[in-house]
Amino acid sequence: MSDLLIQSSHLTKTFGHKAALRDVTCSIGRGRIVGLLGPNGSGKTTFIKILCGLLQPTAGTLAVDGEPVGLHSKAIISYLPDRMYFADWMKATDLFDLFQDFYADFDRQKAAEMCRSLGVEPRDRLKTMSKGTKEKVQLVMVMARKAQLYLLDEPIAGVDPAARDFILNTILTNYNEAGTVLLSTHLISDVERVLDEALFLRQGEIILHNSVDNIRESEGKSVDSLFREMFRAVPMEGGRF
Amino acid sequence: MDWILTDDRPIWMQLSEQMARRIVAGQYAPGSKLPSVRELAADAGVNPNTMQRALSQLESDGLAVANRTAGRTVTEDTAAIEAIRHRMARQVIGEFLSAVRALGYTREDIIKLLKEEENHE
């Protein structure tokens, strides 16, 4: 078992002539909650998709748990996409069956318990559920796995502030302690308290990677304020066009 | 229980101070068992690693004791708790004095004001 869960070296991804990730080099350890922070279009989702093998990098290397992305990494990664991908005729209990078949680390009993505490009836069909309830089901499926790496792409973007706290608490109380959570968001003030580390992306490049406590100690301000300052300068660059 | 977290300082420091305040105020009695890191973290809505760091600070301050199997307990050393309580009170008084002096009150004025306030209560 490698000490570092994620090791990315000069990772680059281009779509046509547009670079979504540029020379991303970073390493992330185990047992951490890491925020992948950046404005829209900064490469957050691209990075996550490369980690779970949905996109191939154009250049550079990436190792998860010491191995290149592949069978092993897929078995230990639990991924929450930024959109719903389940068939709407299914019930949550059908999804339990599906996940039990696919993932050795899926804990069905835990999923049922989480549904209960989130107020979701697992025998309802997905199409009868509200958008927020569907998102909760999706989160339950992801967090009920005893994974090494949880990749959560915008887990709180679509829900109201009360549900946000609820979802963050669900993440906090349910992630596998030896595992790492990497969550992308632009709602920094909401997630700041739960993060160990923050990773700032701008136009596909890492511009900051440090612990939240270090940032607060050295800057004397919250990660949220720092983020607002750093990205306030961005509109000026529009002057080049 | 309420946790107040401000933006300007590391979260673990603030958590550690608030735990210390609870201990000196007797909310957690000397020798009693403290809730687990996970419970406290969930209650404050913070990362368990952050809470862990806050509790380690309590240990180095001498307010909490780690036991190998039974989690953490509040120290039984009431003299140590009292010393820290005294230090905290002095700090609050110091802040009060500089704030009132900034309003132009002298030492005698302040004592007079405090006595008046006492009669009001």
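Residues numbered from 1 in each chain as written. Chains lettered and ligands numbered in written order. Predicted model: local features only at pLDDT ≥ 70, side-chain atom pairs only at ≥ 80, totals over all residues. Heavy atoms only, no water.

## Details of the overall build of chain A
- From N to C terminus, chain A includes nine helices and ten strands.
- Relative to the 2.2 N^0.38 estimate, which gives 18 Å for 241 residues, the radius of gyration of chain A is 18 Å and therefore close to what a compact globule would have.
- C-alpha extents for chain A along the principal axes are approximately 55 × 40 × 35 Å.
- In chain A, which comprises 241 residues, the share counted as buried stands at 49%.
- If you take every contact in chain A between residues at least 6 apart in sequence, the share linking residues at least 24 apart comes to 70%. (Helix = DSSP H or I, 4+ residues; strand = E, 2+ residues; numbered from the N terminus. Rg over C-alpha atoms; globule rule 2.2 N^0.38 Å. Buried < 20%, exposed > 50% of the residue type's maximum accessible area, 1.4 Å probe, protein only. Contact = heavy atoms within 4.5 Å.)

## Quick notes on the sheet that holds strand β4 (residues 59-64) of chain A
All names here are of chain A.
- Overall, antiparallel pairing links the four strands, which are arranged β2-β1-β4-β5 in an open sheet. Strands at the two margins of the open sheet, each flanked by one partner only, are β2 (18-28) and β5 (67-68).
- Pairing of β4 with β5 involves two bridges; the strand directions are antiparallel. Across the sheet, the residue bridging to Ala-63 is Pro-68, located in β5.
- Strands in contact with helix α1 (residues 44-51) are β1 (6-15), β2 and β4; relative to β1, the strand with the most contacts, it is inclined by about 120°. (Pairing = 2+ DSSP bridges. Axes fitted to C-alpha atoms, helices over the stretch in contact; angles between N-to-C directions.)

## Topic: the interface of chain B and chain A
- Between chain B and chain A, the residue contacts involve 20 residues of the former and 19 residues of the latter.
- Summing the contributions of chain B and of chain A, the shared interface buries around 1,500 Å²; its carbon and sulfur component is 42%.
- Where chain B meets chain A, there are two salt bridges.
- Residues Arg53(B) and Asp213(A) are paired through a salt bridge, measuring 3.7 Å at the closest nitrogen-oxygen approach.
- Mapped onto the side of chain B that touches chain A, the elements with two or more residues apiece are α1 (11-24), α2 (37-44) and α3 (48-60) of chain B.
- Partitioned by chemical class, the residues of the side of chain B that touches chain A number nine nonpolar, six polar and five charged. (Buried area = accessible area lost by both parts, 1.4 Å probe. Salt bridge = Lys/Arg side-chain N within 4 Å of Asp/Glu carboxyl O. Nonpolar A, V, L, I, M, F, W, Y, C, P; charged D, E, K, R; others polar.)

## Here's the deal with the packing of aromatic side chains
Residues and elements named next belong to chain A.
- As enumerated under the stated definition, the model contains nine aromatic pairs over all chains in all.
- Relative to Phe-86, the ring of Tyr-85 has its centre 4.4 Å away and its plane inclined at 50°; by these criteria the two rings are tilted.
- Among the residues examined, Tyr-85 registers a relative accessible area of 44% and is labelled partly exposed.
- When its relative accessible area of 10% is taken as the criterion, Phe-86 is described as buried.
- Taken together, a centroid distance of 6.2 Å and an interplanar angle of 50° make the contact between Phe-96 and Phe-106 tilted. Placement of the pair is Phe-96 in helix α3 (residues 92-102) and Phe-106 in the loop between α3 and α4 (108-118), with a sequence separation of ten residues. (Phe/Tyr/Trp six-rings, centres within 6.5 Å; stacked < 30°, edge-to-face > 60°.)

## Focus on unusual backbone geometry
Residue and element names in this part refer to chain A.
- You will see that His-10, though not glycine, has its phi angle at about 50°, which is positive.
- With respect to the element layout, His-10 can be found in strand β1.
- Here His-10 falls in the partly exposed class, since its relative accessible area comes to 45%.
- The phi dihedral of Asp-65 falls on the positive side, at around 55°, and the residue is not glycine.
- By the secondary structure assignment, Asp-65 is in the loop between β4 and β5.
- Residue classification places Asp-65 among the buried positions, given a relative accessible area of 14%.

## A closer look at the domain arrangement of chain B
All names here are of chain B.
- Taken domain by domain, chain B consists of domain 1 (11-76) and domain 2 (79-120).
- Taking both partners together, domain 1 and domain 2 bury about 560 Å²; carbon and sulfur atoms supply 86% of that area.
- Counting across the domain 1 and domain 2 interface gives zero salt bridges.
- Seen at the junction of domain 1 and domain 2, the total is zero residue pairs in polar contact (both at pLDDT 80 or more).
- Each residue belonging to the side of domain 1 that touches domain 2 can be placed in one class, and the counts come to six nonpolar, one polar and three charged. (Domains from an automatic or database assignment. Polar contact = N/O pair within 3.5 Å; in protein donor to acceptor, adjacent residues only side chain to side chain.)

## Notes on a negative patch on the surface
All names here are of chain B.
- A cluster of acidic side chains, namely Glu-116, Glu-117, Glu-118 and Glu-121, defines a negative patch on the protein surface.
- Positionally, Glu-117 belongs in helix α5 (residues 107-120).
- With a relative accessible area of 45%, Glu-117 lands in the partly exposed category. (Patch = residues over 30% accessible without salt bridge, like charges linked within 9 Å, V, L, I, M, F, W, Y side chains within 5 Å. Areas by Shrake-Rupley, 256 points an atom, 1.4 Å probe, with all protein chains shown as cover. Lys, Arg positive; Asp, Glu negative; His and termini not counted. Charge placed at Lys NZ, Arg CZ, Asp CG, Glu CD.)

## Quick word on the sheet that holds strand β8 (residues 180-185) of chain A
Residue and element names in this part refer to chain A.
- With respect to topology, six strands assemble into an open sheet ordered β6-β7-β8-β3-β9-β10, the strand pairing being mixed. At either end of the open sheet lies a strand with only one pairing partner, and these are β6 (77-80) and β10 (205-211). With strand direction ignored, the average angle separating the axes of adjacent strands in the sheet is 15°.
- One ladder, built from six bridges, connects strand β9 (residues 197-202) with β10; its direction is antiparallel. When the bridges of β10 are listed, Leu-199 appears paired with His-209.
- Along the sheet face, helix α8 (residues 212-219) touches β9 and β10 and points at about 90° away from the line of β10.
- Helix-sheet contacts for helix α9 (residues 223-232) involve β3 (33-37), β9 and β10, and the interaxial angle to β9 is about 15°.

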